[in-house]
Amino acid sequence: MKRIVLFLVFLLYGATAHAQSCTATVSGITFGPISPATTSVASITGTVNITCTPAALNPPVRVCLNFGTGGGGTSYSPRLASTGTGTIQYNLYSDSGYSTIWGSRASGSFAPVAVDLTFPLGVSSVSRAVTIYARTAPGQTTLTAGNYVSVFFGTVSAEMDYTAYVLLAPDCSTVTSNATALSFIVTAPVINDCSLSATNINFGASGVLNGALTATGTLSVACTNNDAYSISLSAGSGVGATVADRRMTKGGGTEQVKYQLYSNAALTIPWGDGSNGTALVSAFGNGSNQAITVYGRVPPQTTPSAGTYTDTIVATIVY
């Protein structure tokens, strides 16, 4: 009996000394740069790298990866990253289709990710890379520029639990053993950015230029919320033209028709580059398209020969 007892004690001691062991690291997740004016959603991936060493009898191991809400807020759907004065909505997913939110056993609604590792005979360790799929929520046009951050750290925000099993892997909602704190940072840099497009101005057909002709066009501007911008208009491509004296030129010829562009309906503020009595148009972005009217006027003048007269203006936005 004494020999049997001593032999059993020896076996138990050996199994404990060679228990399975797992470690994990998580890469940082950095979106961007994000332009609310031109980007609907931003997507990025991260990675959890897991390495486990087997126990003496090589049982499989279930690893449970729990991600909490992060330091930017208290919600799982959506998660939030913060600048201190504002937040951006995003989430972490376990699938490339962005349909399964990566959660934790503490959420009750969003499950942690389970990873099962098996150990072939003779191996000293097994590693697995698990992809994190991250995406910002669409429609966040009013975001202001800044570096939005959410910190995952400690067993409340990010945790790995694992346990060996024999036949059936346990559900991760019940696995609390070998709790290991993980840490990573989600960063979403939102930048000041603008987009600009324009429609043409068509003064129509006219026989004799003995009266003024007027027409309008539109600049469509989308800039980051609270981003200050200014728009200048060039002199155009007509020979001898300036911002104070613009000229359309006959197709295939050299004859010209004088005209001017204005920023107001009263046609009193010539729109140019700030020189020769002209002014720029300045405003603040709101994250959505803003329509700015360009007012055009052809003054009475000596009528040149019939033809189509055109000019090309370059609109430049500075922000």
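Residues numbered from 1 in each chain as written. Predicted model: local features only at pLDDT ≥ 70, side-chain atom pairs only at ≥ 80, totals over all residues. Heavy atoms only, no water.

1. Describing the nonpolar core
The tendency in soluble globular proteins is for nonpolar side chains to be buried side by side. Our working rule: Among buried residues, the Ala, Val, Leu, Ile, Met, Phe, Trp, Tyr and Cys ones that are joined through side-chain atoms within 4.5 Å form a nonpolar core. Accessible area is worked out with a 1.4 Å probe on protein chains only. A residue is then buried under 20% of its type maximum, exposed over 50%, and partly exposed in between.
Judged by nonpolar contacts, the single largest core of 38 residues is most densely connected at V48, I50, V63, L65 and L92. Among the nonpolar cores identified, the runner-up in size contains 21 residues, and L233, L261, I292 and Y309 belong to it.

2. Comments concerning the sheet that holds strand β16 (residues 246–250)
As a reminder, the rule being used: DSSP-based pairing: two strands are paired if at least 2 bridges between them are found. Numbering of helices and strands runs from the N terminus, with a helix taken as a DSSP run of H or I at least four residues long and a strand as a DSSP run of E at least two residues long.
With respect to topology, 6 strands assemble into an open sheet ordered β13-β14-β19-β17-β16-β20, the strand pairing being antiparallel. Sheet topology places β13 (194–198) and β20 (309–310) at the edges, where each strand pairs with a single neighbour.

3. Considerations on the pattern of salt bridges
Rule in force here: Any Lys or Arg side-chain nitrogen found within 4 Å of a carboxyl oxygen on Asp or Glu counts as a salt bridge.
On inspection of all chains with the given rule, the structure shows 5 salt bridges. For the salt bridge of D116 with R62, the shortest nitrogen-to-oxygen distance reads 2.8 Å. Separated by 54 residues along the polypeptide, D116 in strand β7 (residues 113–117) and R62 in strand β4 (residues 61–67) bring together distant segments of the chain. Residue D245 pairs with R247 through a salt bridge whose shortest N-O separation is 2.7 Å. Residue D245 is classed as partly exposed on the basis of its relative accessible area of 21%. Connected through shared salt-bridge partners, R105, E159 and D161 make up one network.

4. A closer look at the environment of P59
Our working definition: Residue contacts are defined here by distance: any two heavy atoms, one from each residue, within 4.5 Å place the two residues in contact.
Tracing the backbone through its elements, the reader meets P59 in the loop between β3 (43–53) and β4. Among all residues touching P59, those that are not within four sequence positions of it are F119, A164 and Y165.

5. Quick look at the side chain of E159
Counted only if it meets this: Polar contacts, as used here, are pairs of N or O atoms within 3.5 Å; protein pairs need one atom able to donate a hydrogen and one able to accept it. Residues neighboring in sequence count only if both atoms are side-chain atoms.
Note that E159 resides in strand β10 (residues 158–164). Here the side chain of E159 touches R105 through a polar contact of 3.1 Å, side chain to side chain. Setting aside anything within four residues of it in sequence, one finds E159 in contact with C64, L65, N66, R105, G154, A179, T180 and L182.

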